[in-house]
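Coordinate analysis (summary)
In case you want the letters, here they are:
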Amino acid sequence: MERVTDINVLKKGDKIVRVYGDRVVIREFICIHPHNEKYSLFMDENYDGIPKFYNENLLSEQWYSFNDSKDDWKEITYKQIEWHNIELNRLSNRIKEGT
């Protein structure tokens, strides 16, 4: 999966994915907002519209191109494992520090 940082690379129907924690969020690009180019319109996994998407979030959050392939799902699983390992280490350190 390739990181997406520019809304202009997306075409109608392209999907992006964000993995944080054990959550996987998939969005399908519709268009840049017709009245404000700082925002875009997307649909969620259920093909429902979502609140407008602030395009700068592509820089501050980790969104990736998503093709719904086995390799994409494998990479998503690796990202989830990495997050859980970080959380386990954080909790283990908290126990060691006695807090």
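Structure report, in brief. (Residues numbered from 1 in each chain as written. Predicted model: local features only at pLDDT ≥ 70, side-chain atom pairs only at ≥ 80, totals over all residues. Heavy atoms only, no water.)

Attention shifts here to unusual backbone geometry. Trans peptide bonds make up the majority, and among non-glycine residues the majority have a negative phi. For Tyr47, which is not glycine, the phi torsion reads 60 degrees and is therefore positive. Within the secondary structure, Tyr47 sits in the loop between β3 (39-43) and β4 (53-54). Phi is positive for Asp68, which is not a glycine, with a value near 60 degrees. Position of Asp68 among the secondary structure elements: in the loop between β5 (63-66) and α2 (70-97). (Helix = DSSP H or I, 4+ residues; strand = E, 2+ residues; numbered from the N terminus.)

This part takes up the nonpolar core. With 11 residues, the main nonpolar core is built from Val4, Ile7, Leu10, Ile16, Val25, Phe29, Phe42, Ile50, Phe53, Leu58 and Trp63. With residues near it in sequence (within four places) discarded, Leu58 still touches Arg3, Val4, Thr5, Asp6, Ile7, Ile16, Phe53 and Trp63. Of all hydrophobic cores here, the second largest spans 6 residues; its members include Val17, Val19, Phe66 and Ile76. (Core = buried A, V, L, I, M, F, W, Y, C linked by side-chain atoms within 4.5 Å. Buried < 20%, exposed > 50% of the residue type's maximum accessible area, 1.4 Å probe, protein only. Contact = heavy atoms within 4.5 Å.)

What follows concerns the packing of aromatic side chains. Pairs of aromatic rings are described using the distance from one ring centre to the other and the angle between the two planes. Per the counting criterion, the structure on display carries 5 aromatic pairs. With 5.6 Å between their ring centres and 80 degrees between their planes, Phe53 and Trp63 make a pair best called edge-to-face. Residue Phe53 is found in strand β4, and its partner Trp63 is found in strand β5; the two are separated by 10 residues along the sequence. Phe53 gets classed as buried once you look at its relative accessible area, which sits at 7%. Centre to centre, the rings of Phe66 and Trp73 are 5.4 Å apart; their planes meet at 90 degrees, and the pair counts as edge-to-face. Classification of Phe66 by relative accessible area gives buried; the value is 4%. Members of the aromatic cluster, connected to one another through ring pairs, are Phe29, Phe42, Phe53 and Trp63. In this arrangement the basic side chain of Arg18 is found over the ring face of Tyr20, its NZ or CZ atom lying 4.1 Å from the centre. For the cation-ring pair, Lys52 lies above Tyr39, with the distance from its terminal atom to the ring centre recorded as 4.6 Å. (Phe/Tyr/Trp six-rings, centres within 6.5 Å; stacked < 30°, edge-to-face > 60°. Lys NZ or Arg CZ within 6 Å of the ring centre and 35° of its normal.)

In this structure the tally under the stated criterion is 4 salt bridges. Taking the shortest distance from any N to any O, the salt bridge between Arg27 and Glu45 comes out at 3.5 Å. In this pair, Arg27 is assigned in strand β2 (residues 23-32) and Glu45 in the loop between β3 and β4, connecting sequence segments 18 residues apart. By relative accessible area, which is 17% here, Arg27 ends up buried. (Salt bridge = Lys/Arg side-chain N within 4 Å of Asp/Glu carboxyl O.)

Geometric values such as these leave the question of function open.
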